[in-house]
Structures are given as structure tokens and as C-alpha cells.
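Now for the letters of each chain:
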Amino acid sequence: MSSPLDLIVRRARIATAGDTFDADIGIKDGKIVTLGSQLEGAAREIDAAGRTVTPGGVDAHCHLDQPMPAPARMADDFESGTRSAACGGTTTVIPFAAQEKGQSLKDAVADYHHRAGTKAAIDYAFHLIVSDPTEAVLAQELPDLINQGYTSFKIYMTYDDLKLDDRQVLDVLSVAREHGAMTMVHAENADCIAWLTERLVGAGNIAPRYHAASRPMLVEREATHRAIALAELVDTPILIVHVSGREAVEQIRWARGRGMNILAETCPQYLFLTADDLGLDDSYEGARCVCSPPPRDAANQQVIWDGLGDGLFSVFSSDHAPFKYDDPSGKKPGGQEVSFDYIPNGIPGLETRMALLYSEGVLGGRITVNRFVELTSANAAKLYGLYPRKGTIAIGADADLVIWQERDLQIDNANLHHNVDYTPYQGQRLKAWPAMTLCRGEVVWDGQQFTGRSGYGQFMACDKPSLLPQHRL
Ligand code: DUC
Ligand code: ZN
Ligand code: ZN
């Protein structure tokens, strides 16, 4: 007779978004089937005594093997990206199926499934990126895809190859409202950035540090305000992604004060990096930290911490956008040190996201462990239609678990599992790292090495967001 349970995680100090309690976790066929004390009868046991156990991370903003204009190429595909995520406590990723201008959205999704292939080691879903909202996309493709389980999409207010004008933003927001999808907005003013860039480059100011000068906070503030106004006009929620500091935060608080459903995401780079990391002089080293919006300063880091503590932010994601530093496909396009406006934007962060926030947020006394679970897992699962399969520790949920170990360590790229030749967090001190990560009951990280396998990860169609009030015309 087969045993009733495959695995018991014993004496766990379980933290979910809502509760903290001690229990044994009984797992069968990849699901949590019982929570109790002194459970018996499993083929295997893991002793978690004295350890906090949280739901596996849901990284709801990361870029894997996303097609790029040549010569840029993302360093991580679904194999290396999901391996790296697993080793850092993340068990679900939601990268982006990106539409190129002129491309059908359905073709972009088919191409992205092809790229994922059988490579993923952990579970995954797709957001869409809508860059060309033609009549066919708005009337047919986007509604069809939303109804097929692609229930969230990102739009850009900057980047020439991706940006939408205000009229186009209104059009896609209307589709989101009509079909109950969640819209993520990259809010930076494209014309201001182009104008500043032209002046900086014209004056010979081309070093990586001028990337920050070309994207000051007011360009984020203006676009955030405009996105809020457009959402208000359409009467639909939006989520402002990768919020970097005070000015955008003020706009979001203002909108919330008016009763609007404006959600917000932030990322580790806005807590642990500053513009100084792009360089204090004209050295090229700072190209490693070129991302958009750029990191700000210590006072703005505090504003982001405050928003994590007081509920302003719903989601904490990595915005993992992996480019090698010393590589012609990465930060040195074609092998050259180039002007800042030609450096591919993005930094790696899938593997370090959870431990950075657990260490400095939870163990640093800034947020509760329950808030940590909300930010790193539960809220993303709810917003993107994966809850309660993902994002919690409860009977019926997937057995996606992180068993935490408190210990002093330093981030060192040599110990990470991505395919990037650096981490922007090199040398950062941490107070904890996952002792173990389980995805659907399988150990994918054992504290020493990756123990999962490529192809284990499953694609998940998403429900419509459960945090969204349904609006009807
Ligand atoms: N900015 C983005 O908008 N996406 C990827 C990376 C980045 O820096
Ligand atoms: Zn973005
Ligand atoms: Zn991004």
C-alpha cells in the first residue's frame, strides 16, 4: 500500500500573508494536503525545527530570453533564469511575452512558448507586452489572450521600440477594463529623456553615470501622474512598476487619497543601490548598474522602505533583465564601451531578491514576516490570477516552500546560478538565505546546490486578477 503522504516538512514555523503558526506540512502529489502536529506516514521527512517557512517566491517582473535589438542578447533563458530563481527561493516566475511593433500578439506568445520550451525548472506564467495596439490587437487578439489565461500586460511610456502614446494607452486600458485584465505601466516621459540625452551627449557627457542624469525623478513623476489620469479617465486599475523614489510615490499616494485603485511595485535596486553605483567618475564600470528608472539616493531608499512598511507597495519584484558586463551582447555592445544611451538597460536580480528583503526587511526590523510574504509572493499571485495555488501555505496549495536559515553571508557572484558575469549586489551582507526551496514538493535547492531539473516547471494559465473589483460599463 502506498503511504498517504510523500513528504512531511516537520515543525515548521509557517508564515503566510495572514498568519504565523507552527505545524507539520503534509505533502502528496506536489500539493499541501494536511497541516497539523505530529503527522505520520510519509515516505520522506524534512526537519524544519526552529526555521521560518514561507511560501515560495513569485517573481512577477523578470525578463528571460526576451528578444532584443542586435547586438543585445539576454544572458538568461528559461533554463538558467529559473535555476537561479530556485536557488534564491523563488518558485514561480512571470516573464514577458513581448510584441514587437508590426508583430501579431498571438505570434509573440507562440514564440515565447517556444523559447520556454521544456527549459523551466520552476513554474511560470506569462505577462504580455503590448507595443502595437492595432485594431486587430485591441478587438480580437488581446481579448482572446486574456480569456486564454494571459490576464496581465505591460505597457511602456518610454523606449522608442515599445512606447505607446496617450491615445494608445487609453485604448489598451479600455480593453483591460472590459475584460478584467491587469495593466502594468512603465512610467517615464520619453520626450524628456530624449531631450536630456541629446543635450548630455552633445556636451560630451557620455559615461554610464549620465544615464541617471538623463532620467531624473521628474520624468518618472510626470509619467506616473499621466498614467494615473489616463486610468482615472477609463476607470480601471493600473499597477505602476519599478517605482524608484519619492516623486512617483507622492503621485501614487495622491491617487490613493482620491480613492483610486492604483497599485505599485518596487524592486531591490531602489533599496540597495544609488545613482553613485553608476559611477562617481567617468569610468565604465557603472554600466553594470544601468537600469531604468535608475537608482536614486539614500533619502529615496528610505521613502521606498516606508512604502514597503506602510502598504503603499503591493509587490516586490526583481525586474531581472540580465546582460553580461564584459560581453558584446551585453553592457559593451559589439565589444565597445559606448555612450550611456546605448548600454542595454537592466540588471540581474532573480536569485538575490528574496534574501535581500528577508535580511534587511524582516531581520532588519523594517517589515513583518507576513508583510514579506505579501510582497514577495501572495499579492503577486492574487494580482496575476495564480492564488491560492501559489502565494500561500494552505491545504490545496502547491507545496512551494522556502525554509529559511539565518546566517551571516555576503553576496558573491561566484555563488549565484544565473548566466551573468556579475551581480550589482556583490559584497552586500545578508542575514539569511534559503536552506531549502521546494517547488510542488520537490527540493530544487538544498542549501548547497541546485537540485531541480530543467523541464520540471509547468506553464500556468492565469485567472483574472482576484484583487480587482470588476468594473462593468
Ligand atoms: N528597465 C525596464 O523597463 N525593463 C528592463 C530593465 C530595465 O532597466
Ligand atoms: Zn519597465
Ligand atoms: Zn522590466
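Criteria and cut-off values
Residues numbered from 1 in each chain as written. Chains lettered and ligands numbered in written order. Predicted model: local features only at pLDDT ≥ 70, side-chain atom pairs only at ≥ 80, totals over all residues. Heavy atoms only, no water. Helix = DSSP H or I, 4+ residues; strand = E, 2+ residues; numbered from the N terminus. Rg over C-alpha atoms; globule rule 2.2 N^0.38 Å. Buried < 20%, exposed > 50% of the residue type's maximum accessible area, 1.4 Å probe, protein only. Contact = heavy atoms within 4.5 Å. Areas by Shrake-Rupley, 256 points an atom, 1.4 Å probe, with all protein chains shown as cover. Donors = N, O, S within 2.8 Å, 3.2 Å for Na, K, Ca; no water. Axes fitted to C-alpha atoms, helices over the stretch in contact; angles between N-to-C directions. Parallel < 35°, antiparallel > 145°, perpendicular 65-115°, else oblique. Left-handed = near helix turned anticlockwise from the far one by under 90°. Nonpolar A, V, L, I, M, F, W, Y, C, P; charged D, E, K, R; others polar. pLDDT = per-residue confidence, 0-100.

Draft legend 1. Representation of the overall build of the protein chain. When helices and strands are counted, the protein chain shows twelve helices and 18 strands. Computed over its C-alpha atoms, the radius of gyration of the protein chain comes to 21 Å, within 12% of the 23 Å expected for a compact globule of 473 residues. Looking at the 473 residues of the protein chain, the share that counts as buried comes to 60%. Across the protein chain, contacts joining residues at least 24 apart in sequence account for 77% of those joining residues at least 6 apart. Per element, the accessible surface of the protein chain, about 17400 Å² overall, is 46% carbon and sulfur.

Draft legend 2. Main features of the coordination of the zinc ion (ligand 3). Taken together, the protein donors to the zinc ion (ligand 3) comprise H61 (NE2), H63 (NE2) and D319 (OD), at separations of 2.1 Å. The sequence motif formed by the donor residues of the zinc ion (ligand 3) is H-x1-H-x255-D. The zinc ion (ligand 2) is placed at 3.7 Å from the zinc ion (ligand 3). One end of the pair, H61, is in the loop between β6 (57–59) and α1 (78–87); the other, D319, is in the loop between β15 (315–316) and α11 (353–362), and 258 residues separate them in sequence.

Draft legend 3. Region of interest: the packing of helix α7 (residues 217–234) against helix α8 (residues 246–257). Closest axis-to-axis distance for the α7/α8 pair is 7 Å, and the angle between their directions is 20°. Between α7 and α8, the angle is such that the two are roughly parallel. Crossing handedness for the pair α7 and α8: right-handed. Contact residues: α7 offers M217, L218, E220, R221, T224, H225 and I228, while α8 offers R246, E247, A248, Q251, I252, W254 and A255. Its residues assigned to classes, the contact of α7 with α8 comprises seven nonpolar, three polar and four charged.

Draft legend 4. View of the confidence of the model for the protein chain. Per-chain confidence: the protein chain averages 96 in pLDDT, with 98% of residues scoring 70 or above. For the stretch residues 468–473, pLDDT sits under 50, and the model shows 15 contacts to residues farther than four places along the chain or on other chains.

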